[in-house]
Amino acid sequence: MDSIYLDNNATTRTDDEVLNAMMPYLKEQYGNPSSIYSFGANVKEEITNARKNVARLLNADVDEIVFTSGASESNTTAIMNAVRNNPKKKHIITTKVEHASIMEAMKYLGQKENYKITYLSVDKQGRIDLEELKQSITKDTCLIAVMMANNEIGNIYPIKEIGEIAKEKNILFHTDAVQAIGKVKIDVKDLQVDSLSFSGHKIHAPKGIGVLYIKKDTPFIPLIFGHQEKNRRGGTENVPYIIGLGKACELILKDEYKKNERIQFLRDKLENEIKQNIEDIVIYGDTENRVPNTISVGFKGADAIQLMLMLEGQNIYVSTGSACNSEIAEPSYVLTACNADVNNYSPIRISLNKYNTEKEIESFVRVLKNVIKNMRRK
Ligand code: PLP
């Protein structure tokens, strides 16, 4: 059986159009964009075009876009910038379900720099409470960091409402939009965010390229010093990857929001078939307000790691939704925050993309049903 890739929240296949757009910059057009002669200057022009595509996708100004190595760098830059520019304010509000790049920065600031970190709780569906957010704000709050969509359960968070609250209180607001970009329309002006991050490899561009949107006139201290990116991110530009990211954004602008309807149709079909064919399951997250490609599902009496490995044996790739980067898999902190019964209903995350087909979904359900049946028999 051909492989079926259902782990697109982890990373996505590079689109052929993206790859084709990149190739000349890996081969013939290798000039340094900082060079004054035309061999470099032409490349610079293409970077500007890529930046314009990113800006259009976010409804941002071109000068508000900074290219980085990925969303982890963008998140770190935004957080460190907010704290360095407000040294007297020592309180940050975030959530219990952010990506590790935010969580680890918070842990560092809390433990090593005496910041007070408020982690907003989530309910069983993974939703935050805006009242709790409002109550948490103090005179000392320098930053609110809330993700736009969650990587494990797919929840979409109320960024516009949070933007309004932050604006009213004059607090910087950062959002990690990695899992939302291309799946929901984003207008940074409407959302009133001060900074936003996303990553190329979740939208069919390669790994190692990302974006930091930083609102005009926001005081800025770079994480990496140098003259590139208008002194906001040093280092010779990663030209081919920037071109690839620009192309990926152009494809989203062209027609890929439409592709989400098909992805959602496949996701809903998959979810319904799981419900109809397999007993004793639970769907995690906010099923009313999710990105269109994600399902987090727990199966009673089936160990998630084993399940993932058995599916891998059939060339099907899903994620466990656990932080299984160590020998001992820890339960997912996102699902733990949701108070989910992960011990009895072991979770897997299934995340689709534009390449998945109805046939793949049908094959997957067939295999899944048998694998779960065999696991439960033991
Ligand atoms: N934020 C979220 C929500 C993510 O899902 C990821 C990647 O998994 C990141 C940030 C980090 O992105 P990158 O791999 O580009 O550093």
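Let me begin by describing the structure that accompanies this report.

Each value, and the rule that gives it
Residues numbered from 1 in each chain as written. Predicted model: local features only at pLDDT ≥ 70, side-chain atom pairs only at ≥ 80, totals over all residues. Heavy atoms only, no water. Buried < 20%, exposed > 50% of the residue type's maximum accessible area, 1.4 Å probe, protein only. Helix = DSSP H or I, 4+ residues; strand = E, 2+ residues; numbered from the N terminus. Pairing = 2+ DSSP bridges. Expected span 1.5 Å × (residues − 1). Contact = heavy atoms within 4.5 Å. Near = heavy atom within 4 Å. Polar contact = N/O pair within 3.5 Å; in protein donor to acceptor, adjacent residues only side chain to side chain. Areas by Shrake-Rupley, 256 points an atom, 1.4 Å probe, with all protein chains shown as cover. Nonpolar A, V, L, I, M, F, W, Y, C, P; charged D, E, K, R; others polar. Core = buried A, V, L, I, M, F, W, Y, C linked by side-chain atoms within 4.5 Å. Domains from an automatic or database assignment. Salt bridge = Lys/Arg side-chain N within 4 Å of Asp/Glu carboxyl O. Bend = angle between axes of the 7 residues up to and from the residue.

Section: the pairing of strand β7 (residues 195-199)
Of all 5 residues in β7, 5 are buried; the element is thus mostly enclosed. Residues Ser-195, Ser-197 and Ser-199 point to one face of β7 and Leu-196 and Phe-198 to the other, with burial holding for every one of them. Pairing geometry for strand β6 (residues 172-176) and β7, over 3 bridges, is parallel. Across the sheet, Asp-176 pairs through a bridge with Ser-197, a residue of β7.

Considerations on helix α12 (residues 358-377)
Since the α-helix packs 3.6 residues into each turn, any two residues three or four apart lie on the same face. Counted at 1.5 Å a residue, the expected span for α12 with its 20 residues is 28 Å, and the 29 Å between its end C-alpha atoms agrees. Those residues of α12 that sit buried are Glu-360, Ile-361, Ser-363, Phe-364, Val-365, Val-367, Leu-368, Val-371, Ile-372 and Met-375. Looking at the buried side of α12, the elements it contacts are β1 (4-5), α9 (239-277), β10 (294-300), α10 (304-312), β11 (316-317) and β12 (345-351).

Here we look at the site of the ligand
Neighbouring the ligand are 14 residues; Ser-72, Asp-176, Gln-179, Ser-199 and Lys-202 lie closest to it. In this structure, an oxygen atom belonging to the ligand sits 2.5 Å away from a side-chain N or O atom of Ser-199. Look at the ligand: alone it shows 390 Å² of surface, and the protein chains cover 84% of it. Here the shell around the ligand takes 3 residues from helix α3 (residues 71-85), the largest share from any one element. Counted by class, the shell around the ligand contains 3 nonpolar, 9 polar and 2 charged residues.

Remarks on the nonpolar core
Of all hydrophobic cores here, the largest spans 67 residues; its most connected members are Leu-58, Ile-144, Ile-186, Leu-196 and Phe-198. Sorting elements by how many residues they give to this core places α9 first, with 9 residues. Here this core spans two domains, and each of domain 1 (4-12 + 257-377) and domain 2 (16-252) adds at least three residues to it. If we ignore the near neighbours within four places in the chain, the residues touching Ile-186 are Leu-57, Leu-58, Asn-59, Met-148, Ala-177, Ala-180, Ile-181, Leu-191, Leu-196 and Tyr-257. Core analysis: the second largest hydrophobic core is formed by 29 residues, Ile-278, Met-308, Val-367 and Val-371 among them.

As for the pattern of salt bridges
Counted under the stated rule, the structure contains 19 salt bridges. In this structure, Lys-354 engages Asp-15 in a salt bridge whose closest nitrogen and oxygen atoms are separated by 2.5 Å. Of this pair, Lys-354 sits in the loop between β12 and α12 while Asp-15 sits in the loop between β1 and α1 (16-26), and the two are 339 residues apart along the sequence. With respect to class, Lys-354 is no different from Asp-15; both count as buried.

Some words on the side chain of Lys-247
Mapped onto the elements of the fold, Lys-247 is located in helix α9. For Lys-247, a relative accessible area of 19% corresponds to the buried category. Excluding anything up to four places from it in sequence, Lys-247 contacts Glu-17, Val-18 and Ala-21.

Considering α9
An ideal rise of 1.5 Å per residue puts 57 Å on 39 residues; α9 reaches only 48 Å between its terminal C-alpha atoms. Most pronounced at Asp-255, the bend in α9 amounts to some 70 degrees.

Examining the side chain of Thr-12
Tracing the backbone shows Thr-12 in the loop between β1 and α1. On the basis of relative accessible area, Thr-12 is assigned to the buried category, the value being 6%. Here His-201 takes part through its backbone oxygen, which lies 2.7 Å from a polar atom of the side chain of Thr-12. Non-local contacts of Thr-12, meaning those with residues more than four positions away in its chain, are made with His-201, Lys-202, Ile-203, His-204 and Lys-207.

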